[in-house]
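Below are the chains, spelled out letter by letter.
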Amino acid sequence: MFLAIYKEIWNASNRFYNNSKQHLLVIIGLVCVVSLINSLLPYLIKLIIDGTQHGKGIHYIYILVVSYCFAWLLSQILEWTRNFFHVVVMSRLESSVLITGLENYLKIEKLQQDKIDTGVFNSEAMRASSSFSSLTLSLLFVFLPAIFQLFFISYILYININAFFALGFIGTALLMFAISYFITRKSKEYYEPLYSVKSILNSKFLEKVNNSYEIKANNAVDFEVNRFERNVKSYIGQMSHSHMKIASLMVLQIILIFVFLLTFLLMSTKLFSLGKITTGDMVMISSYIMMLTIPFLMISQQVNLISGQVVAIKKFHNYFRMKKDQNSQQHYSDSHLLFAFADVVLEVGGRVIQQFNLKLYKNKTYVLIGKTGSGKSTLINYLLGFYKIRAGKLFYKDLDISQNYSEKIFDEIAFVGQNYSIFTGSLRENLVYNSRHCYADEEIKQLLGLFDLQHLLVDKNLSLDDDINEYLKSFSGGEKQRLNILRAILKKPRVLILDEPTSALDSKTAIQILNYLKTNVETLIVITHSQECRDLADEIINVEQLFQSA
Ligand SMILES: Nc1ncnc2c1ncn2[C@@H]1O[C@H](COP(=O)(O)OP(=O)(O)OP(=O)(O)O)[C@@H](O)[C@H]1O
């Protein structure tokens with residue numbers, strides 16, 4: 001089950017990680033060679049000790065000593081090469097999962113997206129991306145070397161001591177693995193509540209930061225800090241409870257490793273006292289046990305972390321299961337009719353509307369009115385393909401977009417919603433945003449003047465390409481609104497859909513901008529409560545009445 005989830009995320013994120021397979025193969029190769037050399041080192045020591053005791057020639061000892069030193073040097077160099085690849089793969093894996101998560105989130109249907117707490121999503125995505133890379137790398141850098149080393153060591157023990165001893169060594173080690181596995185399963189249940197409470201804390205924190213202005217204006221700093229303190233207390237409580245249980249499991253695991261260490265050291269001492277093994281063998285076995293104790297300890301730590309990582313990845317995967325926009329790339333032919341709802345069944349705020357019919361033609365200015373909550377924005381969401389009709393047909397020109405919206409429609413439609421977004425970067429990047437058109441500086445500056453935005457650059461002595469990040473928060477509501485309209489204009493749309501475009505503008509600026517839009521854009525569909533807008537309409541549509549009569 002988890003394997004399928006892991007595979008799905010791996011495949012999805014691999015699009016953003018070139019040469020991932022080659023990198024993994026290099027790591028596996030390095031891990032294998034380093035494990036082999038590390039297993040050989042105690043064996044060389046044994047040969048040196050036994051060589052000195054059995055009076056072998058000094059040349060033989062010299063060769064062994066030099067071999068030992070070179071083997072050590074090689075293992076250290078390869079280990080550092082392996083560590084370098086660790087960092088390379090870790091950063092790439094982490095970032096490719098993060099990009100996949102972002103892409104997935106942006107493609108989730110709007111109705112589902114509206115239900116996601118962005119603070120929780122943010123912390124879950126961050127945690128999952130680092131968990132995904134930690135999990136993959138712990139398999140490669142902790143479990144794989146332990147398995148290779150165990151294999152090489154057992155083989156050396158088999159040829160030097162006997163099969164029984166080697167099998168006992170492997171058997172005990174495998175038993176340790178099995179116990180680790182059961183401990184992982186047990187510790188998983190302690191991680192779930194831990195992550196939920198952490199995500200909620202993150203979400204609350206972001207909520208306060210994002211609403212700092214309103215909090216100040218309501219003189220609610222102490223009030224909010226106290227509320228946050230209560231959230232923190234429940235977080236600390238959960239942390240202590242979960243980690244106490246996890247720590248007990250860790251201690252249990254360490255005791256098991258201790259038993260392994262003690263048993264095999266006592267056994268080899270006994271064999272030595274019976275004269276069945278040499279001094280060299282004794283030193284070699286002790287080194288092997290010490291050598292494996294560290295990976296075992298690491299495994300036991302990793303095993304406990306793995307359950308947390310699995311939980312984090314599973315939580316993140318839930319977002320991949322959410323319904324995505326199914327957009328096509330279908331073309332349409334030009335026609336006088338733009339949008340047509342034909343006997344449509346659709347939903348407005350939980351209310352089902354039957355037999356809804358509406359036709360919108362090009363070269364016209366439509367103004368949508370209706371009391372608040374009557375469904376104006378909802379209607380636009382159907383036009384933009386964010387919501388899907390339940391039955392009937394919806395067309396854009398001659399293209400049926402009832403279920404599959406075509407991304408080609410965005411080539412000629414632009415939309416400005418009620419939430420105005422300003423992105424980090426320069427003013428040019430904010431204006432010529434995902435646009436197929438190029439503009440000379442003069443052209444943009446002229447439009448900035450027309451939209452009364454030139455002061456954003458002039459007052460601060462900025463160029464079009466300077467970063468505006470530090471000024472973003474100080475933009476007025478009207479400035480943000482005009483900037484968003486201008487951004488849409490620079491896409492040179494044939495149809496411009498606007499949701500309350502003049503809500504933050506004085507009437508003179510509103511009229512100036514609306515006149516510009518009417519002259520420069522073929523078709524306007526505008527939701528508004530303002531009189532200036534209504535005066536420009538070729539047709540006023542009362543959405544409230546429209547839905548009632550359907
Ligand atoms: N994502 C959503 N999930 C559930 N209900 C929603 C969602 N979005 C809007 N609604 C509900 O649908 C109804 C119509 O909302 P809509 O935003 O379309 O109204 P509106 O006419 O544009 O209002 P306003 O003039 O206040 O912007 C409202 O009752 C609203 O609560």
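Residues numbered from 1 in each chain as written. Predicted model: local features only at pLDDT ≥ 70, side-chain atom pairs only at ≥ 80, totals over all residues. Heavy atoms only, no water.

You'll find the chain entered in an unreviewed UniProt entry as ABC transporter ATP-binding protein, with Acinetobacter thutiue given as the organism. Its UniProt record gives the chain the following Subcellular location (unreviewed entry) comment, quoted word for word: "Cell membrane". (UniProt positions renumbered as here; feature names shortened; annotations may be inferred.)

Undergrad: What's the story with the domain arrangement of the chain in this structure? I'm lost.
TA: How big an interface is tends to be stated in terms of the accessible area lost upon association of its parts. Assigned domains within the chain: domain 1 (2-321) and domain 2 (337-549). One C-alpha centre belongs to domain 1, the other to domain 2, and the line joining them spans 51 Å. Each partner contributes residues to the interface: domain 1 has four residues there, and domain 2 has four residues. Of the roughly 320 Å² buried between domain 1 and domain 2, counting both surfaces, carbon and sulfur atoms make up 60%. Three residues, Glu-109, Lys-110 and Leu-111, lead the burial of domain 1 against domain 2; their summed loss comes to 88% of the area buried on that side. Viewed at the interface, domain 2 and domain 1 are joined by zero salt bridges. (Domains from an automatic or database assignment. Contact = heavy atoms within 4.5 Å. Buried area = accessible area lost by both parts, 1.4 Å probe. Salt bridge = Lys/Arg side-chain N within 4 Å of Asp/Glu carboxyl O.)

Undergrad: Would you mind going over the sheet that holds strand β4 (residues 391-396) with me for this structure?
TA: The strands making up a sheet associate through hydrogen bonds between their backbones, and the pairing can be parallel or antiparallel. Strand order in the open sheet made by the four strands is β2-β1-β4-β5, with antiparallel pairing throughout. Each of the sheet's edge strands pairs with one partner strand only, and the pair in question is β2 (351-361) and β5 (399-400). The pairing of β4 with β5 spans two bridges and is antiparallel. Directly across from Phe-395, in β5, lies its bridge partner Asp-400. On the sheet, helix α10 (residues 376-383) packs against β1 (337-348), β2 and β4 and is oriented at approximately 120° with respect to β1. (Pairing = 2+ DSSP bridges. Helix = DSSP H or I, 4+ residues; strand = E, 2+ residues; numbered from the N terminus. Axes fitted to C-alpha atoms, helices over the stretch in contact; angles between N-to-C directions.)

Undergrad: Mind showing me how you'd approach the nonpolar core here?
TA: Within soluble globular proteins, side chains that are nonpolar generally end up buried alongside one another. With 70 residues, the main nonpolar core has Phe-132, Leu-157, Phe-169, Tyr-288, Phe-296, Ile-299 and Phe-316 as its most contacted residues. For this core, the secondary-structure elements that each account for two or more residues are α1 (2-14), α2 (20-53), α3 (58-107), α5 (118-160), α6 (163-210), α8 (221-273) and α9 (279-321). Counting residues per element, this core draws most heavily on α5, which supplies 17 residues. Not counting residues up to four positions away in its chain, the partners in contact with Phe-169 are Leu-150, Ile-153, Ser-154, Leu-157, Phe-260, Phe-264, Tyr-288, Ile-289 and Leu-292. Residues Leu-447, Leu-448, Tyr-471 and Val-521 belong to the second largest nonpolar core, which totals 38 residues. (Core = buried A, V, L, I, M, F, W, Y, C linked by side-chain atoms within 4.5 Å. Buried < 20%, exposed > 50% of the residue type's maximum accessible area, 1.4 Å probe, protein only.)

Undergrad: Would you mind going over the site of the ligand with me for this structure?
TA: Around the ligand there are 14 residues in total, and Thr-372, Gly-373, Lys-376, Ser-377 and Thr-378 lie nearest to it. With respect to the ligand, the backbone of Gly-349 contributes an N or O atom lying 3.4 Å from an oxygen atom. Lys-376 is positioned with one of its side-chain polar atoms (N or O) 2.9 Å from an oxygen atom of the ligand. For the ligand, whose free accessible area comes to 630 Å², the fraction covered by protein is 60%. The leading source of residues in the shell around the ligand is α10, at three residues. Residues that form the shell around the ligand fall into these classes: two nonpolar, nine polar and three charged. (Near = heavy atom within 4 Å. Polar contact = N/O pair within 3.5 Å; in protein donor to acceptor, adjacent residues only side chain to side chain. Areas by Shrake-Rupley, 256 points an atom, 1.4 Å probe, with all protein chains shown as cover. Nonpolar A, V, L, I, M, F, W, Y, C, P; charged D, E, K, R; others polar.)

Undergrad: I'm lost on the side chain of Arg-127 in this one. Help?
TA: By the element assignment, Arg-127 lies in helix α5. Put simply, Arg-127 is tucked away with no salt bridge, and the nearest opposite charge, on Glu-124, sits 5.5 Å away. Once residues lying within four places of it in the same chain are set aside, the contact partners of Arg-127 are Tyr-195, Lys-198, Ser-199 and Ala-312. (Lys, Arg positive; Asp, Glu negative; His and termini not counted.)

Undergrad: Quick question: what am I supposed to make of the environment of Leu-3 here?
TA: With respect to the helices, strands and loops of the structure, Leu-3 is situated in helix α1. What makes Leu-3 exposed here is its relative accessible area of 66%.

Undergrad: Any chance you could explain the sheet that holds strand β9 (residues 539-542) here in plain terms?
TA: With parallel pairing, five strands are arranged side by side in an open sheet as β6-β7-β8-β3-β9. Edge positions in the sheet fall to β6 (413-416) and β9, since each has one partner strand and no second. Between one strand and the next, the sheet's axes are offset by a mean angle of 15°, whatever the strand orientation. Two elements, strand β7 (residues 495-499) and strand β8 (residues 523-527), share five bridges in a ladder whose sense is parallel. Bridge pairing links Val-495 to Thr-523 in β8. Set on the sheet, α10 makes contact with β3 (365-369), β6, β7 and β8; between it and β8 the angle comes to about 145°.

Undergrad: Whenever I open this one, the packing of aromatic side chains confuses me. Can you help?
TA: Aromatic ring pairs are defined here through the distance separating the ring centres and the angle between the ring planes. Under the definition given, this model contains 19 aromatic pairs. Consider the rings of Phe-205 and Phe-228, whose centres lie 5.7 Å apart with planes at 55°: the pair is tilted. Within this pair, whereas Phe-205 is found in helix α6, its partner Phe-228 is found in helix α8, the two being separated by 23 residues in sequence. Here Phe-228 falls in the buried class, since its relative accessible area comes to 18%. Cluster of aromatic residues (ring-pair linked, three or more members): Phe-2, Tyr-6 and Phe-132. Its guanidinium or amino end placed over the ring of Tyr-195, Arg-127 lies 4.2 Å from that ring's centre, counting from NZ or CZ. (Phe/Tyr/Trp six-rings, centres within 6.5 Å; stacked < 30°, edge-to-face > 60°. Lys NZ or Arg CZ within 6 Å of the ring centre and 35° of its normal.)

Undergrad: Whenever I open this one, the pairing of β4 confuses me. Can you help?
TA: As defined by bridge partners, β1 adjoins β4 across five bridges and the pair is classed as antiparallel. Bridge assignment links Phe-341 to a residue of β4, and that residue is Leu-394.

Undergrad: Just to check I follow, could you spell out the pattern of salt bridges for this structure?
TA: Should the charged atoms of two oppositely charged side chains come close, the side chains can pair. According to the stated counting rule, one finds 21 salt bridges in the structure shown. Arg-227 is the salt-bridge partner of Glu-224, the closest N and O atoms lying 3.4 Å from each other. Of the two residues, Glu-224 and Arg-227 are both situated in helix α8; the distance of three residues between them amounts to about one turn of the helix. Judged by relative accessible area, which is 13%, Glu-224 ranks as buried.

Undergrad: I tried to follow the packing of α1 against α5 on my own but got confused; where do I start?
TA: Describing two packed helices takes the angle between their axes plus the distance from one axis to the other. Two elements in contact, α1 and α5, have axes separated by 12 Å at closest approach and are oriented at 110°. Taken together, the axes of α1 and α5 lie roughly perpendicular to each other. The segment α1 lies against α5, with Phe-2, Tyr-6, Ile-9 and Trp-10 engaging Phe-132, Leu-135 and Thr-136. Classifying every residue of the contact of α1 with α5 by side-chain character gives six nonpolar, one polar and no charged. (Parallel < 35°, antiparallel > 145°, perpendicular 65-115°, else oblique.)

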